[in-house]
Each structure stands twice: as structure tokens, then as C-alpha cells.
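# Fold and contact review
As a plain string of letters, each chain reads:
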Amino acid sequence: FEKNQRKMQQMRKKFFQFISGFFGGPALYDSNNIKPAHYHMNITDYHFDALLDVFQASLLELGVHPDATKDAIAACGKIRKDVTTGCTVRMELAAKNMEKGKDGLFKRMGGEEGIAQFMDRVYDLIQVDNRIKSWFSGKNYQAIKEGQRVYLTELLGGPKIYKGKDLVEIHKGMGLSDYEFDCFLANCEKAMSGLGVEDETIDEAIVSMEPVRAALMNRAQGLAAHAKMVDGQSIIERFGGEMNVESVVEMMYSGCLGDPRVRFYFEVNKEKIQGIKLKMTQLMVGAFGGATTYDDSKMRQIHYNMNITDYHFDAVLENFWCAAELMEISNAVISDAVEVLGKVRQMVTAGCTVRLEIARKKCESQGTDGLYESLGGQQGLQTFIDKLYETLAVDERIKHYFSGSKVDAIKKSQGDYLAVMFGAPIQYDGRPLDRIHTVMSISDFEFDAFLACCATALRAVGADATNVDECVVLLETARRDVLINRRPHDVKKTQEAASAKSVYERLGGEMGVTNMVETMYNQALEDTRIRSFFEKNKAKVTTIKKKMAQFMGGIFGGPVTYDTNDLRPMHYGMNVSDYHFDAILDIIRGVLKESGAKPKDITDALLILQPVRADVTTGFTVRMEMARKNVEKGKDQMFKRLGGSEGITTLMDQFFNIGTTDVRIKEFLLKDKDRIKAGMTVYIVEMLGGPKAYKGKELGELHQNLGVNDYHFDAFLADFGRALLGAGHQDALIDEVMVSLEPVRADVLGRSRDVTDAAVMKDGKPLIERYGGDMNLETVVESMYDKLVEDPRVRYHFEKAKAKQRQIRRKMYQYLSGAF
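As a starting point, this report considers the structure included with it. (Residues numbered from 1 in each chain as written. Predicted model: local features only at pLDDT ≥ 70, side-chain atom pairs only at ≥ 80, totals over all residues. Heavy atoms only, no water.)

Right, let's get into the overall build of the chain. A tally of regular secondary structure across the chain gives 48 helices and 2 strands. Projected onto its principal axes, the C-alpha coordinates of the chain cover approximately 120 × 60 × 55 Å. Evaluated residue by residue, the chain yields a buried proportion of 43% over its 820 residues. Counting contacts in the chain only where the partners sit at least 6 residues apart, residues at least 24 apart contribute 76% of the total. Within the structure as shown, the chain displays about 44,400 Å² of accessible surface, and the carbon and sulfur contribution to it stands at 53%. Averaging the coordinates of the 110 positive side-chain charges in the chain and doing the same for the 116 negative ones gives two points 2 Å apart. (Helix = DSSP H or I, 4+ residues; strand = E, 2+ residues; numbered from the N terminus. Buried < 20%, exposed > 50% of the residue type's maximum accessible area, 1.4 Å probe, protein only. Contact = heavy atoms within 4.5 Å. Areas by Shrake-Rupley, 256 points an atom, 1.4 Å probe, with all protein chains shown as cover. Lys, Arg positive; Asp, Glu negative; His and termini not counted. Charge placed at Lys NZ, Arg CZ, Asp CG, Glu CD.)

With that out of the way, let us pick up a positive patch on the surface. A contiguous patch of positive charge, built from Lys3, Lys7, Lys14 and Lys190, is present on the exposed surface. For Lys3, a relative accessible area of 43% translates into the label partly exposed. (Patch = residues over 30% accessible without salt bridge, like charges linked within 9 Å, V, L, I, M, F, W, Y side chains within 5 Å. Salt bridge = Lys/Arg side-chain N within 4 Å of Asp/Glu carboxyl O.)

What follows concerns the packing of aromatic side chains. Evaluated as defined, the whole model comprises 28 aromatic pairs. Aromatic side chains Tyr771 and Phe820 sit 5.6 Å apart centroid to centroid with 45° between the ring planes, which places their arrangement in the tilted category. Of this pair, Tyr771 sits in the loop between helix H45 (767–770) and helix H46 (774–790) while Phe820 sits in the segment after helix H48 (802–819), and the two are 49 residues apart along the sequence. With relative accessibility at 33%, the residue Tyr771 sits in the partly exposed group. The ring of Phe445 has Arg263 lying over it, and the distance from NZ or CZ to the ring centre is 3.7 Å. The ring of Tyr711 is capped by Arg531, whose NZ or CZ atom sits 3.8 Å from the centre of that ring. (Phe/Tyr/Trp six-rings, centres within 6.5 Å; stacked < 30°, edge-to-face > 60°. Lys NZ or Arg CZ within 6 Å of the ring centre and 35° of its normal.)

On to the pattern of salt bridges. Note on pairing: side chains with opposite charge can pair once their charged atoms come close. Under the definition given, this model contains 50 salt bridges. Between Lys145 and Asp120 there is a salt bridge, and its shortest N-O distance comes to 2.9 Å. Highlighted residues: Lys145 in helix H8 (residues 141–155) and Asp120 in helix H7 (residues 111–127), separated in sequence by 25 residues. Judged by relative accessible area, which is 15%, Lys145 ranks as buried. A salt bridge links Arg213 to Asp182, with the nearest nitrogen and oxygen atoms 2.8 Å apart. With Arg213 in helix H12 (residues 212–216) and Asp182 in helix H10 (residues 178–194), the pair connects residues that are 31 residues apart, well separated along the chain. Its relative accessible area of 29% is what places Asp182 among the partly exposed residues. Each of the salt bridges in this network shares a partner with another, and the network as a whole consists of Asp178, Asp182, Glu210 and Arg213.

This paragraph deals with unusual backbone geometry. For Glu328, which is not a glycine, the phi torsion comes out positive at approximately 65°. As for its position among the elements, Glu328 is in the loop between helix H18 (310–326) and helix H19 (331–341). For Glu328, a relative accessible area of 73% puts it in the exposed group.

Where H10 contacts helix H11 (residues 199–209), the two axes come as close as 10 Å, and the packing angle between them is 155°. Judged by the angle between their axes, H10 and H11 are roughly antiparallel. Where H10 crosses over H11, the handedness of that crossing is right-handed. Where H10 abuts H11, its residues Phe181, Leu185, Cys188, Glu189, Met192 and Ser193 lie against Ile202, Ala205, Ile206 and Met209. (Axes fitted to C-alpha atoms, helices over the stretch in contact; angles between N-to-C directions. Parallel < 35°, antiparallel > 145°, perpendicular 65-115°, else oblique. Left-handed = near helix turned anticlockwise from the far one by under 90°.)

Right, let's get into the nonpolar core. Counting residues in each nonpolar core, the largest one holds 44 residues, and the members touching the most others are Phe384, Leu388 and Phe422. Those elements giving two or more residues to this core turn out to be helix H20 (345–366), helix H21 (369–374), helix H22 (377–393), helix H23 (407–421), helix H25 (444–460) and helix H26 (465–476). It is H25 that contributes the most residues to this core, 9 residues altogether. When sequence neighbours within four positions are dropped, the list of residues in contact with Phe422 reads Thr368, Leu371, Tyr372, Leu375, Leu381, Phe384, Cys471, Leu474 and Leu475. (Core = buried A, V, L, I, M, F, W, Y, C linked by side-chain atoms within 4.5 Å.)

One pass over the structure, following the stated rule, counts 0 disulfides. Unpaired in this structure, Cys322 has its nearest cysteine sulfur neighbour in Cys256, at a distance of 11 Å. Assessed through its relative accessible area of 6%, Cys322 is described here as buried. The thiol sulfur of Cys453 is not disulfide-bonded, and the nearest other cysteine sulfur, from Cys454, lies at 7.2 Å. Classification of Cys453 as buried rests on a relative accessible area of 2%. (Disulfide = S-S within 2.5 Å.)

This part covers the environment of Asp82. Residue position: Asp82 is located in helix H5 (residues 80–99). Sequence-wise, Asp82 and Asn33 are 49 residues apart; in three dimensions their C-alpha atoms are separated by 9.2 Å. With sequence-adjacent residues up to four places away left out, Asp82 is seen in contact with Ile34, Lys35 and His38.

Among the residues making up H19, those that are buried are Val333, Ile334, Asp336, Ala337, Val338, Val340 and Leu341. Summarising the contacts, the buried residues of H19 are in contact with helix H13 (235–239), helix H16 (270–287), H18 and H20.

Structure representation (C-alpha cells):
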């Protein structure tokens, strides 16, 4: 930061511009410039943490609220990667080269003669450097230079000829700081650059000199050196001892298992979990000033090939902070503890940062053509896709996304997309990723699992580590579109839930859940909205009840005896819609209320069940949406594929053969069979794209006094589907027919097709009156919109120009007013 006045003024201005936009004010700085601007500066995590410390102290000094300060520091932490990546990558590559030995470095520096020239140039620079030249005044200048030449000759890989004093002894009491050492390193870098030394060699030399810093400042090394003492007490003492650390680790680990951002790294077998917890506890105890029983020298190596980024590291720190708060550790102690734990950041994230940055730069500079060829061209990519789908099919975490009747179509589409991404000279003609995944709720955990499967498959087909990294970098760019429905994770809520009584226990354990399922099933059999899904033979009913009790017991926090991965494939081919799922939740709410469950327990149970919706309804949603898209193009093609009027007439014969033996609806069909059949045939021919020849009464009038309900209409659709299947029609065509017939339900049951006519009446009052009238609704819409603009899950769709926002608000209000 110590620059000439003009430069400092420029930096202040850019700081202000960046922070203004970053904190939600006017966007005056292009954040894309941050990374290239800092790439060749030697800014490490140590420096970045120092900047955060100063920034935090400044905010508190100005009286900014502690919560706002905490949020500001957390926000600034998100740019860490952009600021430090350049230094991390260059230094890590240099360190890797050094591991092979320093002989090469010594030669590239020009041997003893080259190092002597280097030292002459360094001391020429020191003599005119006002920042540090005073440290050498009044001393034997030549003797110091000669001593340093001999020391650096040995340090940079030359002969072991240094016989001088220990560095700690030499510099004891001098009061040197990081500032002076950074100035010295900067002069060394200038000197080497002036002598024409290559950038890679300069980086290796700087890496070799960096460990000298601690000795010059008489600073202890290792994690324990960072343990902060306050009033004579270390962090471990202020934390409450080892047992409190162990408890925090236990709670933090539970939080990480429930945190989709990092769950992938923590969900391992039980034996390994215990080992990780033990090592984390040992690391923290030692880092906080307690007994050192964990060797942190292997930490970098252990994490090097794991894709752990700053995003993941910060998520773990957030879980640690929250766990410590729940243990009632003071914020001051937690802050010190987090600062100390931040010292391991580079050990944990460096491998991922370096590997992915190298791969990213290679892709940017050389394109993906070379990657495509390295993977074996089209043949190699197809082999990879085949191996990938073998891997996905047995991965318990995500296999449910890659099963069912549509898996071949998914494989083909995804194969084309990945081929284009990896450089194949073909065209991807499928839908955009965000549209494909908008009906899904894929999490970071599931995306990380998919990346792991891709890496496994690539290695299995012979891809080298460099190509695997390049592929992972390219795949990572798709995360945002795939996780289109990603929600902010509430760490505190997750950890509180993990330490609180489970819903399973609050509902009465196994007996309570079993009784709830029994009552719910019996009521479902009487509910015309969903009766058709539950009406089975006795043996089947017993099996379904048992599985439902096992499933609900598991997701409510009881013993897990049901494989939830079976849920989606089991329901994929069933026509379970959101309407049906809501009916089930409605019944469960009523059953729990009747059983005397507390309102909060009922709410918690329903919240747990809500995410199950996607597994149960996705099959129907996707199939119907695809069918609807085809129908929108016109029904004439559907009509032809059904065989025209003749084919539909034959189909109606088959339907009546089935329907007149179906106890659910035969009473409606047998009253005047021939007349009903003739009328239905003409009507359905027209509905499915045939000639407009129906001249009969409106459906509502025809069915007005027959007592037809959802149960009967579901039975009609099921029998019609069986007739289509019996006629040999394909699944896609059957879905299109179902989409075409579904709107008839409202007419047959005497309902309006317009959702705005479905306002819920209670005590003779519509929802709008019970809401407090239009004024209240308008206020709610205003407040809701303000929140939507700030909610990252949906902000993209609501962040518009002011005039556009006013239009949207008005239309939302108008729609809701009518709907209510």
C-alpha cells in the first residue's frame, strides 16, 4: 500500500468504487478486473486476512453495527480467490519444482558467480530504498552483504558453506517486521528481473527465501504459534478446554453433513467420520494453544487432489462459528479461533486452486480442440459417456436422476452437451440447461457427486490428470445453470435441528408414525381426489403402508429402513401431480391435528415432506410438459398417429371393453352404452385433432347430476391409457393424449378452468375479505417484491428497470386480487 501520492489516490478511489458496488450501492468498478490486476502481485492469504482485520477495525471504529460489520467481512471474503490465486498458483508451482531438488535452481541462477552478481544488484537497490536502507547504516555493509551471499548460495541450492550465526540470534532485538522483509523480497525480485532471470526461476527463489521470514522476526512457526493470548489465557482456555472443542467439532460435523455446500466432503463411512472428527479436534486443540498431537505438515498433500475451494472452506468456518455460538462461546473467542483456523486455508485449498487455474488458463489460451483430441475424439467421448452412465447407475447419491424409461434420451442429450463442451465439432440442439433443470431441486452436493462420477469415468477410460482437471473446470461452468433452484443454506437452523428432538420423536416414534400412516391411508381411500392411487388389493395395501411408515419414519429422523433413492423411479411412471401431492399433505395435516400433535410439530413434519414433492411428481411434470410442447405444435400429427377417426373408433371399442368391467366407472357407461359410446367417440375424435363434428350438449350439463368426481375421472384416464397401451401406442403418444384429455376434467366435474374462480370460501367469505381487503393485499405485494429483488434464488427474474418493476407489481396485485 505504500506508493506515491498519486498511486495511493487512485487505489483509494478504486477501493471505494469496488466496495460501493459490492455492498449494493452504485456499480462503479468492473469486478472482472480484480483477478488480472492482482495476478502477479505476491498477495497471500496472510496478507488478505490482514486487510480484512484492518477493514473490520475501521468499521467498528466508525460505530458500524456489529452484524453489518460481520456481513461486510463475509462479503469481502468472496473476492479472496480473485486476489490471491495468482500468488498461490505461482508459488505452488515453484514449490513443486523445488521438491525435485534445488540443483536446477542454483544453475539457473548462474551458480556462485550469478548469485554474487544478484547480491551486488540487491544491495545497489537497498542503498536507494528509503524504506529499509536505515537498517544498514552505521554497520559493516560489505560484511553483511558477504554473509548474506554465502547464506543465500546455500539456500538456493549451492554448496553448504555457511558457517555464520543462526538467523534468529543475528536478528534478535532488531524489531524487524513483515513490512521490511517484504521490501527486501521486492528488491530481490527487481534485482533478478534486471539480470534477466526467468519468471519461473524468480518464483522458485522467492519461495526458497520465504521460510526465512519467521527466523528474521523471531516468530515461532506452526499453527500453534497463532494462538492468541488474552489476559494470559490461550484460546483453548477461553474456549473452555478440549471437551468444548470436541463438542463443537461434533456439532459442526453434523452441520456440514446437512449443508449441501460441503456435504459431499463429509458424507463418508462411519469409521472414517470418527477419524476425521478426531483429527479436526486434535488440529484445533493444538492450533488454539493446547497439546499438539496433530502433524499438520501432511495437510496440504492430503487435500491437494480434492476440489476444495474457498467457497467450501468458508462454509466449514461458518458451520464452526455457528456450532461455537450454540455452545455459548463468546463471539470474541470465536473470532480469534476462526482467525487461527484461517491459517490452514492455503494448505487445504491450494491444490484445487492451482490445478483448476492451470486448466482454466490452458482452456482459455488453447481452446478445447486439443482436449477433444486428447480424450480420443468422438469415439473416446462415447466411451467416456458409456462409462459415466455405468458409474451414475450405481451412485446412491444421484442415481435416481439417471434411471427410468427416459434414461437413454437423457444420456444422448447429455452426451451431445458434454461433447460440445469438451471441444467436439458438433452442434447441441437440446434445451438450455437452466430450462431443463428448472423443475428440479439439484443441490451443490448432488452436483459435486456428478463431478466426482465424471472424474472417475474419465480416469477409467485413460484420461490423464491434466485432462481430468480441464474437464472439471469446464463442467464447473455449468453449476450455476444446473443449480437454478439453489436456496441459501441456513446453517444455524440446520445445527439447531441436528441438536433438537427429531420430528420422529415428537410424533411418538415408530408407533406414532405407523398410526398416522394407517389413518392417512384410510382417509385417502375415501378422498375422491387421490382414491385411485391407494385403491389396491389387501396384500398390496399392507406393503404400501409398511413402506410409507418406513419412509416417513426415516425422513422424520427415525431409523432409516427405506431407500429414498427408490422414490423417484417408483413414482416416475405414475400420474401423480402437484394437485394430488397437495391432497396427501392436506390429509396428513388433518390426521396430525386430530391426533393432538402440536402446531409446530405439524408444520415441521409438512416442511420435511415438501421436498419429497419433486421425487413424487417430477416424472408426471416432465412427461406432461414434453407432451404439452408437442400438442402445442398442433394435434393433427397426434390424430394421424392414432390412426385417424378409424383408429380412435377402434380405441373407443377397447376402452368400453375395459371400462364396462371396471367397478369404479361401469355404472356410468352401462346405462345407455351404445348412445354414450357413440357420443364419446365423436367428442374424443374432435378433442384429439379430428374433424369438429360434435353437436351434443355441454359436458357440464351432461354430467351435472351424475355424481362424477376426481376418482371416477382418474379411473377413466387410467382405462383409456390401458386401451392406448393395448393398441400398441408409444409412451410419448399416450402422454400427449392424456394432456389433451386432462382439461375435460373441469368441464365434467362442473369446475371452472380458470384458477381465479377457485377462491377458497370460509364462513361465507372469500380469501380477499379474510385477507383484509385490497389495501392489505397491495401492501403485501409491495413488501414481497422488495424481498424477491434481494433473494438470490429469484432475484434474476425480478431485478428490472423501475418502470418494469411497477408493471410487474401491478399485475401481481391484479392477479392475486382476482385469485383470492
